[in-house]
Amino acid sequence: VRASIGENFYRELLTNNPRLLDYFVKADVDSLSLHIVALLDLLVKSVESIGSWGNRFRSVLDHLGEMHRRLGIPTFSFPIVGGQLLLLLQPHFDEEETLTAEEEVPVSAEDLEEAFATLYLEVMSIVYHPMIQEEKLVKDAEEFFNTVAIELKWSPDKLSKRLLEVKLEISNTGTYSHSSEELEIGARLCWRNSAKCIGRIAWNTLEVRDCRHLETPAEVFEEVKEHLRIATGGTNIQSVMTVFKPKSIAETWGLKFWSSQFVRYAGYKNEDGTITGDPGNLEFTDYLLERELWKPPEKKTDFDVLPLVLKVPGVRKPYVYQLPQEFVHEVHIEHPTCPAIKDLGLRWASVPAISDFNMNLGGIDYQCCPFNGWFVSIEVVRNLMERYKVQDRWADAMGLDKTQKMLDMRLQHEIQTAVLHSFEDQGFTMVDPEQVGSSFFVHCKRERDQGRECPAQWSWIGGLVGPTNVTWHKEMRDFKVLPQYEY
């Protein structure tokens, strides 16, 4: 009888849903028939302990999930199976309603159906959650490798072979690995697709360093120094990305820098409410001090370099590392015609090495992949004016009339002149708004010539460089193209 119930179930299921036939063609339907009835029995008996990891019911669910995964049965079939189970059990629900009609607490067929549907959903969430993750990963991988195949001019056979390798690896391990070549093109495409970046014209020159094999925080910090050495090793700053191991499927967070950039300045709140240093890093500085993870200099200044903070999965306390001074490349701000500006003691990091974003390549998250390009002069100018509020000091140093109209515009011009002069004089790459605006136009034209639309966020591009720049009046469309950096 039990076998016949199971057989009837699968006969009706496959008759009513022929698209499932391909997925069950390799299955032993006799075994599945007995299994589905045994599961129903166990389901009712274990209703109060479904979520417990240690009970027998959980092991049956895990086995059922593994069986479906091995057979390649897709998760879209689970609601269909649930609906067929309700049809199978409906006569039993009606019978139970009749038998309990005269009892003190009668049970309706509708209540039983609702209860079973709820129970089925809870159970199936345990069974198909890992399968949904794998299906999504396979889909993301397919999209990524289709893009890679176009960029690297792979043959259809090479693409098919690589996708098969990836699917087999996902089936066996729950995840997959990229080759160094795939990692490089993926990182470069992320830069090309970054709608907030005005300097993408150099996307295909990005140097990608594959450091996924490293295990210890000490090794990671050594590669940070090497990253900075390469980035600032010549007369021009080299765009570099160093990629460490990705987040595993068992981790909520992978290896990750808490520091937003390699070189950031501390912010201290004084007793009188004023701030010494960078107010943008006030909260992070407070965190480090409160937990005694870092000791600032005895005499605090506006430009105390914060340590790098690295979080390792499974280790409660973060690792803290102070960069040696020879790797902290800074530009001291001077004005070409006003020597008094040098006495203000202003400076800024020479390399914008971003260390806290995520790079998703085909469903694999690289949460520790520091990247640097180079500064546009207006970025440093805005930092000094908006965060450090240097306007009054600057005006006094240059002897400017503070009551004059458009003082801020005059100051912005003078600060930008000084910033550009200082970077160039001290041997570090920097582009001005006119240069970068023109290069962005060239980049957009190249993309258009290749049949691609260039995603762009106007507030970060036209809005960054101002109304006299060619990008100000350019119509832009902000949309997401994968692969992509995630802030």
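Residues numbered from 1 in each chain as written. Predicted model: local features only at pLDDT ≥ 70, side-chain atom pairs only at ≥ 80, totals over all residues. Heavy atoms only, no water.

A. Representation of the side chain of Arg200 within the structure. Here Arg200 is to be found in the loop between helix H8 (180-192) and strand S1 (207-210). In this structure Arg200 is buried but unpaired, with Glu447 as the nearest side chain of opposite charge at 7.1 Å. In contact with Arg200, other than residues within four places in its own chain, are Trp191, Arg192, Asn193, Ser194, Ala195, Phe440, His443, Cys454, Pro455, Ala456 and Ile461. (Helix = DSSP H or I, 4+ residues; strand = E, 2+ residues; numbered from the N terminus. Buried < 20%, exposed > 50% of the residue type's maximum accessible area, 1.4 Å probe, protein only. Lys, Arg positive; Asp, Glu negative; His and termini not counted. Salt bridge = Lys/Arg side-chain N within 4 Å of Asp/Glu carboxyl O. Contact = heavy atoms within 4.5 Å.)

B. Up close: unusual backbone geometry. Here the amide bond leading from Leu482 into Pro483 is cis, since omega sits at 0 degrees, within 30 degrees of zero. Position of Pro483 relative to the elements: it lies in the loop between helix H15 (462-465) and strand S16 (484-486). A positive phi is found at Lys153, a non-glycine position, where the angle reads about 55 degrees. The residue Lys153 is located in the loop between helix H6 (109-151) and helix H7 (156-173) in this model. Judged by relative accessible area, which is 71%, Lys153 ranks as exposed. At Lys389, a position not held by glycine, the phi torsion is positive, near 50 degrees. Positionally, Lys389 belongs in the loop between helix H11 (377-387) and helix H12 (391-398).

C. Main features of the packing of aromatic side chains. This structure, assessed with the given rule, holds 20 aromatic pairs. Ring geometry for Phe145 versus Trp154: centroids 6.4 Å apart, planes at 20 degrees, classification stacked. Neither residue differs from the other here; Phe145 and Trp154 are each classed as buried. Pairing Phe357 with Tyr487 gives two aromatic rings, centres 5.8 Å apart and planes at 85 degrees, and the pair type is edge-to-face. Note that Phe357 is positioned in the loop between strand S10 (353-354) and strand S11 (358-361) and Tyr487 in the segment after S16, a separation of 130 residues in sequence. Using a relative accessible area of 1% as the deciding quantity, one classes Phe357 as buried. With relative accessibility at 58%, the residue Tyr487 sits in the exposed group. Here the aromatic residues Trp191, Phe357, Phe371, Trp374, Tyr485 and Tyr487 are joined through ring pairs into a cluster of three or more. Positioned above the aromatic ring of Tyr487 is the side chain of Lys196, whose terminal nitrogen or guanidinium carbon lies 4.9 Å from the ring centre. (Phe/Tyr/Trp six-rings, centres within 6.5 Å; stacked < 30°, edge-to-face > 60°. Lys NZ or Arg CZ within 6 Å of the ring centre and 35° of its normal.)

D. Expanded view of the sheet that holds strand S13 (residues 371-372). Taken together, four strands build an open sheet; the order of strands is S1-S2-S13-S10 and the sheet is mixed. The open sheet is flanked by S1 and S10, the only strands paired with a single partner. Pairing geometry for S10 and S13, over two bridges, is antiparallel. Note that in S13 the partner of Ala353 across the bridge is Asn372. With respect to the sheet, H8 is in contact with S1, strand S2 (240-243) and S13, its orientation differing from that of S1 by roughly 135 degrees. Sitting on the sheet, helix H9 (residues 217-231) is in contact with S1, S2 and S13, with an inclination near 165 degrees to S2. (Pairing = 2+ DSSP bridges. Axes fitted to C-alpha atoms, helices over the stretch in contact; angles between N-to-C directions.)

Everything listed here is a matter of coordinates, which is why it stays silent on function.
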